[in-house]
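Examination of the molecular architecture
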Amino acid sequence: MSIFENFTNFLESKLDEFLQSNPELNLTIIAQEIKQEKEDTIGLINKLESRRKQLELDILKLVQDIKIWCERIEKAEKANRNDLAREAEERKNTLLSQGNFAWQEMEKVKNQILENNSKLINLENKEREINLKVKELEKAKQWTQSNSNTSNYNSYGSYRNSGFNNSNDDLEKKFRDWEVSVELEELKKKMS
């Protein structure tokens, strides 16, 4: 490995450690990534919808043109102008070919729209999961803060001077952070 790759790996590992020790920040980053991906997906769906509408208009125009050339074929045949009828037939066939191509393209676009709508639903579900995790984390943080404020007082309102309670709060925080980081890892695996 080159020095640059080693340095990059080192920075990535330090960033991962930092994010593991700051689950709120980690959730915020994930939420931003999901939000950006949703915006990109919505933009793509809008472009695909515009493309689908344009293809539909193109197909309708081709249908009108094919109808005109079918009428011209009939006119030429009635007038015994077989040369014109053949050329009109070739033009009609060309338009039919273009219509088939446009139809296939429209079907592909419709499938892409369906796929991206499904992706959007998945992103919205992930976003809800993240928001729930954020709320759980906020509640846990509030609970820890309220417990740390009240744990120094016994039921008679006098101050407890036990070092165990302070270390217990630290241990509680460590476990909560660890549990949240485990949940984040599971969520990342789901998102992959």
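Everything below is about the structure printed above this text.
The model shown is predicted, which means the values in this text are computed figures rather than measured ones.

Some words on the overall build of the protein
A tally of regular secondary structure across the protein gives four helices and zero strands. Reading the protein from its N end, one meets helices and strands in the order α-α-α-α. Burial status across the protein gives 22% buried among its 192 residues. Long-range pairs, those at least 24 residues apart, make up 74% of the contacts in the protein with a sequence separation of at least 6. Accessible area for the protein stands at about 14,300 Å²; split by element, carbon and sulfur atoms hold 53% of it.

What to know about the pattern of salt bridges
Considering all chains together, one arrives at eight salt bridges under this definition. The partner of Lys 110 in a salt bridge is Glu 107, and the shortest N-O contact between them spans 4.0 Å. With a gap of three residues between them, Lys 110 and Glu 107 both fall in helix H3 (residues 82–150), about one helical turn apart. One salt-bridge network, held together by shared partners, links Glu 49, Arg 52 and Glu 56.

Brief notes about the packing of aromatic side chains
Within the structure shown, the criterion is met by zero aromatic pairs. Taking the ring centre of Trp 69 as reference, the NZ or CZ of Arg 72 above it sits at 4.6 Å.

Scoring rules and cut-offs
Residues numbered from 1 in each chain as written. Predicted model: local features only at pLDDT ≥ 70, side-chain atom pairs only at ≥ 80, totals over all residues. Heavy atoms only, no water. Helix = DSSP H or I, 4+ residues; strand = E, 2+ residues; numbered from the N terminus. Buried < 20%, exposed > 50% of the residue type's maximum accessible area, 1.4 Å probe, protein only. Contact = heavy atoms within 4.5 Å. Areas by Shrake-Rupley, 256 points an atom, 1.4 Å probe, with all protein chains shown as cover. Salt bridge = Lys/Arg side-chain N within 4 Å of Asp/Glu carboxyl O. Phe/Tyr/Trp six-rings, centres within 6.5 Å; stacked < 30°, edge-to-face > 60°. Lys NZ or Arg CZ within 6 Å of the ring centre and 35° of its normal.

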